[in-house]
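Structure assessment
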Amino acid sequence: MSNYLNILTIELDIARTDRAANLTALDDALRLMPAKTDVVVLPEMFTTGFIVDAEIASQLAEWNSGDTIRHLHRLSERTGAAFAGSFLARTAGRIYNRAFFIEPDGTETFYDKRHLFRMGGETKTFTPGYSQAPVVRFRGWNIKLAVCYDLRFPAWCRSTAAAPYDLLLVVANWPKARQSAWHTLLAARAIENESYVCGVNRRGIDCTDGIDYASDSTTLIDFKGKPLETSRHECLQFASLSLEALNGFREKFPAWKDADKFSIEL
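Scope of this entry: the structure provided in the associated data block. (Residues numbered from 1 in each chain as written. Predicted model: local features only at pLDDT ≥ 70, side-chain atom pairs only at ≥ 80, totals over all residues. Heavy atoms only, no water.)

**A closer look at the sheet that holds strand S7 (residues 141–147)**
- With respect to topology, 5 strands assemble into an open sheet ordered S6-S7-S8-S9-S12, the strand pairing being mixed. Strand pairing shows two members of the sheet lacking a second neighbour, strand S6 (135–138) and strand S12 (219–221), which therefore form its edges. Strand-to-strand twist across the sheet, computed as the mean angle between neighbouring axes with direction ignored, equals 20 degrees.
- Summarising the sheet, S7 and strand S8 (residues 167–172) pair through 5 bridges and their orientation is parallel. Paired with Val147 across the two strands is Val171, which belongs to S8.
- Packing of helix H5 (residues 179–193) onto the sheet brings it into contact with S8, strand S9 (196–201) and S12, and relative to S9 it is tilted by some 155 degrees. (Pairing = 2+ DSSP bridges. Helix = DSSP H or I, 4+ residues; strand = E, 2+ residues; numbered from the N terminus. Axes fitted to C-alpha atoms, helices over the stretch in contact; angles between N-to-C directions. Contact = heavy atoms within 4.5 Å.)

**Structural notes on the environment of Ser215**
- Within the element layout of this structure, Ser215 appears in the loop between strand S11 (212–213) and S12.
- Sequence separation of Ser215 and Arg203 is 12 residues, and the distance between their C-alpha atoms is 4.9 Å.
- Beyond its immediate chain neighbours, meaning those up to four positions away, Ser215 contacts Glu11 and Arg203.

**Some points on the packing of helix H1 (residues 19–29) against helix H3 (residues 67–79)**
- Running from N to C, H1 and H3 point in directions that differ by 15 degrees, and their axes come no closer than 11 Å. Taken together, the axes of H1 and H3 are roughly parallel relative to one another. With respect to the hand of their crossing, H1 and H3 are arranged in right-handed fashion. Contact residues: Arg19, Leu23, Leu26 and Asp27 in H1; Asp67, Thr68, His71, Leu72 and Leu75 in H3.
- Looking at the contact of H1 with H3, its residues break down into 4 nonpolar, 2 polar and 3 charged. (Parallel < 35°, antiparallel > 145°, perpendicular 65-115°, else oblique. Left-handed = near helix turned anticlockwise from the far one by under 90°. Nonpolar A, V, L, I, M, F, W, Y, C, P; charged D, E, K, R; others polar.)

**Observations regarding the side chain of Gln237**
- Along the chain, Gln237 turns up in strand S14 (residues 236–242).
- Within the local environment of Gln237, its side chain forms a polar contact with the backbone oxygen of Thr218, the two atoms lying 2.8 Å apart.
- Look past the residues within four positions of Gln237 in its chain and what remains in contact with it is Ile7, Leu8, Thr9, Thr218, Thr219, Leu220, Thr230, Ser231 and Arg232. (Polar contact = N/O pair within 3.5 Å; in protein donor to acceptor, adjacent residues only side chain to side chain.)

**Here we look at H1**
- Within H1, the full set of buried residues consists of Arg19, Asn22, Leu23, Leu26 and Ala29. The buried residues of H1 all sit within an arc of 120 degrees when viewed along its axis, so they share a single face.
- Contacts made by the buried residues of H1 are with strand S1 (4–10), helix H2 (54–60), H3 and S14. (Buried < 20%, exposed > 50% of the residue type's maximum accessible area, 1.4 Å probe, protein only. Arc of directions from axis to C-beta.)

**Here we look at the packing of aromatic side chains**
- Under the criterion given, the structure shown has 11 aromatic pairs.
- Geometrically, the ring pair formed by Phe87 and Phe100 is tilted, given 6.2 Å between the ring centres and 55 degrees between the ring planes. Remark: Phe100 occurs in strand S4 (residues 94–102) and Phe87 occurs in strand S3 (residues 82–91); sequence separation between them is 13 residues.
- For Phe87, a relative accessible area of 0% puts it in the buried group.
- Under the relative-accessibility criterion, Phe100 is labelled buried at 0%. (Phe/Tyr/Trp six-rings, centres within 6.5 Å; stacked < 30°, edge-to-face > 60°.)

Right under this line is the structure:
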């Protein structure tokens, strides 16, 4: 178990539908990766961009054994860091927005986005996930995944006695026009769950629909809802999270003991 977890976020300007170009951009960014990185976090659908056109999505969707996940396994093994994000996935003829957590020893965890963004047309093409994201145990930390629109649903993101977490990773393609909501909701999830929250967004302007994604909207937030100090370089941010500090605050201010019990219907 390690007291510190070192997080590297990469805010890519995603090349729409060009998987090879996006994997190359990731490789280039990793040349500046700090040596002691534990987890690398990438945006939602980092190899394709946010695709809702059914025909294009069907052409681009991959199995878990496809190019994206194979590439991430190689990177994880080489760097000794875990990789998290989401990709355009296919299973049994259905299309999913699938989050992943790939570990250096080859362990892989997947979660299919439950809350599809109907205002952007995602519900017309994708199948929603049928279960909550599992909590991954990695280097002594409990880590939970969420994808973009999931962030708006506090019960879905709740840390519970049955599945507590220390860090919530939220990967997104969240437009600049709604940045205020993005930052507010990330802070709210951190405060109500007394946990760290890492929100990783893409940057740039989508060449097809013209949606603007704000640069530097990626943020890491502590258990009090305050942004963490990070080291920044271009599209990269790096921060160290302290489990001792987190547990100390939970002991001093144990709001979690008064949390309501509830169940989620799927």
